[in-house]
Amino acid sequence: QVQLVESGGGLVQPGGSVRLSCVASGGAFRLLVMGWYRQAPGKHRELVAIISTTGGTSRYADSVKGRFTISRDNAKKMVDLEMNSLKPEDTAAYYCNAGPAWGTGAPSDYWGQGTQVTVSS
(Lines give C-alpha, C1' and ligand atoms only; values in the text may rest on other atoms or scores of the structure.)
Protein backbone atom coordinates (compact mmCIF):
# COMPACT_ATOMS: atom_id res chain seq x y z
CA GLN A 1 0.00 0.00 0.00
CA VAL A 2 1.34 3.41 -0.94
CA GLN A 3 1.33 6.49 1.28
CA LEU A 4 1.61 9.99 -0.17
CA VAL A 5 2.70 13.26 1.41
CA GLU A 6 2.36 16.56 -0.43
CA SER A 7 4.26 19.77 0.25
CA GLY A 8 4.51 23.23 -1.24
CA GLY A 9 1.60 25.50 -1.92
CA GLY A 10 0.57 28.56 0.05
CA LEU A 11 -0.46 32.07 -0.89
CA VAL A 12 0.82 33.38 -4.22
CA GLN A 13 0.03 36.48 -6.25
CA PRO A 14 -1.61 36.25 -9.67
CA GLY A 15 1.03 35.62 -12.29
CA GLY A 16 3.29 33.99 -9.76
CA SER A 17 4.67 30.48 -9.51
CA VAL A 18 4.68 27.66 -7.01
CA ARG A 19 6.00 24.12 -6.98
CA LEU A 20 4.19 21.23 -5.33
CA SER A 21 5.91 17.99 -4.38
CA CYS A 22 4.53 14.59 -3.49
CA VAL A 23 6.69 11.91 -1.89
CA ALA A 24 5.58 8.29 -1.87
CA SER A 25 6.43 5.48 0.50
CA GLY A 26 5.48 1.85 0.20
CA GLY A 27 4.30 0.31 -3.02
CA ALA A 28 6.20 0.10 -6.28
CA PHE A 29 6.33 3.78 -7.21
CA ARG A 30 8.03 3.22 -10.55
CA LEU A 31 5.13 1.02 -11.69
CA LEU A 32 2.48 3.59 -10.88
CA VAL A 33 0.95 6.24 -13.08
CA MET A 34 0.79 9.38 -10.94
CA GLY A 35 -1.59 12.30 -11.02
CA TRP A 36 -2.31 15.68 -9.50
CA TYR A 37 -5.90 16.69 -8.86
CA ARG A 38 -7.48 19.76 -7.38
CA GLN A 39 -10.70 20.67 -5.65
CA ALA A 40 -12.01 24.19 -5.28
CA PRO A 41 -14.73 25.03 -2.74
CA GLY A 42 -18.12 23.86 -3.95
CA LYS A 43 -16.65 22.03 -6.94
CA HIS A 44 -15.83 18.44 -7.78
CA ARG A 45 -12.26 17.19 -7.62
CA GLU A 46 -10.73 17.40 -11.09
CA LEU A 47 -7.67 16.01 -12.82
CA VAL A 48 -4.95 18.60 -13.35
CA ALA A 49 -2.09 16.53 -14.75
CA ILE A 50 -1.13 12.89 -15.14
CA ILE A 51 2.25 11.32 -15.88
CA SER A 52 3.25 7.89 -17.14
CA THR A 53 5.34 5.43 -15.14
CA THR A 54 8.59 6.47 -16.85
CA GLY A 55 7.76 10.14 -17.00
CA GLY A 56 7.98 10.11 -20.76
CA THR A 57 4.35 11.04 -21.35
CA SER A 58 2.04 13.44 -19.58
CA ARG A 59 -1.37 15.01 -20.08
CA TYR A 60 -2.93 18.16 -18.73
CA ALA A 61 -6.32 19.66 -18.20
CA ASP A 62 -7.03 22.27 -20.86
CA SER A 63 -7.22 24.97 -18.20
CA VAL A 64 -3.57 24.48 -17.18
CA LYS A 65 -1.88 23.54 -20.46
CA GLY A 66 1.20 25.61 -21.10
CA ARG A 67 1.31 26.83 -17.50
CA PHE A 68 1.74 23.69 -15.39
CA THR A 69 4.36 20.95 -15.71
CA ILE A 70 4.26 17.57 -14.04
CA SER A 71 7.46 15.62 -13.51
CA ARG A 72 8.66 12.62 -11.55
CA ASP A 73 11.82 11.14 -10.10
CA ASN A 74 11.42 7.42 -9.64
CA ALA A 75 14.64 7.11 -7.66
CA LYS A 76 13.33 9.60 -5.10
CA LYS A 77 9.73 8.34 -5.36
CA MET A 78 8.63 11.89 -5.99
CA VAL A 79 6.23 13.62 -8.36
CA ASP A 80 6.20 17.41 -8.71
CA LEU A 81 3.83 19.94 -10.17
CA GLU A 82 5.39 23.20 -11.33
CA MET A 83 2.70 25.87 -11.57
CA ASN A 84 3.39 29.10 -13.44
CA SER A 85 1.33 32.12 -14.50
CA LEU A 86 -1.10 31.36 -11.72
CA LYS A 87 -4.63 32.71 -11.85
CA PRO A 88 -7.19 33.23 -9.10
CA GLU A 89 -9.19 30.36 -10.57
CA ASP A 90 -6.28 28.03 -9.80
CA THR A 91 -7.09 28.44 -6.11
CA ALA A 92 -7.85 24.99 -4.73
CA ALA A 93 -6.66 22.16 -2.56
CA TYR A 94 -4.23 20.09 -4.63
CA TYR A 95 -3.97 16.34 -4.15
CA CYS A 96 -1.50 13.72 -5.31
CA ASN A 97 -2.92 10.38 -6.45
CA ALA A 98 -1.10 7.10 -7.02
CA GLY A 99 -2.29 4.78 -9.75
CA PRO A 100 -5.03 6.68 -11.57
CA ALA A 101 -6.33 5.18 -14.77
CA TRP A 102 -4.24 6.50 -17.65
CA GLY A 103 -7.03 6.40 -20.21
CA THR A 104 -9.85 8.04 -18.26
CA GLY A 105 -7.94 9.87 -15.54
CA ALA A 106 -10.17 8.27 -12.93
CA PRO A 107 -8.30 8.42 -9.63
CA SER A 108 -7.43 5.48 -7.42
CA ASP A 109 -8.16 5.31 -3.72
CA TYR A 110 -4.61 6.36 -2.82
CA TRP A 111 -4.54 10.05 -1.96
CA GLY A 112 -2.26 12.38 -0.13
CA GLN A 113 -3.61 14.77 2.49
CA GLY A 114 -3.69 17.68 0.07
CA THR A 115 -2.01 21.07 0.03
CA GLN A 116 -3.74 24.42 -0.37
CA VAL A 117 -2.83 26.86 -3.12
CA THR A 118 -4.41 30.31 -2.91
CA VAL A 119 -3.88 32.78 -5.73
CA SER A 120 -4.73 36.27 -4.59
CA SER A 121 -3.31 39.76 -4.49
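What counts and how
Residues numbered from 1 in each chain as written. Predicted model: local features only at pLDDT ≥ 70, side-chain atom pairs only at ≥ 80, totals over all residues. Heavy atoms only, no water. Phe/Tyr/Trp six-rings, centres within 6.5 Å; stacked < 30°, edge-to-face > 60°. Helix = DSSP H or I, 4+ residues; strand = E, 2+ residues; numbered from the N terminus. Buried < 20%, exposed > 50% of the residue type's maximum accessible area, 1.4 Å probe, protein only. Polar contact = N/O pair within 3.5 Å; in protein donor to acceptor, adjacent residues only side chain to side chain. Contact = heavy atoms within 4.5 Å. Pairing = 2+ DSSP bridges.

## Quick notes on the packing of aromatic side chains
Consideration 1: Tallied over the full model, the rule gives two aromatic pairs.
Consideration 2: Taking 5.2 Å as the distance between ring centres and 75° as the angle between the ring planes, the aromatic pair formed by Tyr37 and Trp111 counts as edge-to-face. With a gap of 74 residues between them, Tyr37 in strand E4 (residues 34-39) and Trp111 in the loop between strand E9 (92-98) and strand E10 (115-119) connect regions that are remote in the sequence.
Consideration 3: Aromatic ring contacts, followed pair by pair, group Tyr37, Tyr95 and Trp111 into a single cluster.

## Digging into the side chain of Arg38
Consideration 1: The residue Arg38 is located in strand E4 in this model.
Consideration 2: Arg38 gets classed as buried once you look at its relative accessible area, which sits at 7%.
Consideration 3: Reaching out from Arg38, the side chain makes a polar contact with the side chain of Ser63 at a distance of 3.4 Å.
Consideration 4: A distance of 3.0 Å separates polar atoms of two side chains, one belonging to Arg38 and the other to Asp90.
Consideration 5: Beyond its immediate chain neighbours, meaning those up to four positions away, Arg38 contacts His44, Arg45, Glu46, Val48, Ser63, Val64, Phe68, Glu89, Asp90, Ala92, Ala93 and Tyr94.

## Considering the pairing of E9
Consideration 1: The buried count for E9 comes to seven of seven residues, which makes it a mostly enclosed element.
Consideration 2: Here E9 runs beside E10; their pairing, made up of three bridges, is antiparallel. Within E10, the position partnered with Ala93 by the bridge is Gln116.

Note that all results are geometric; they support no functional claim without further evidence.
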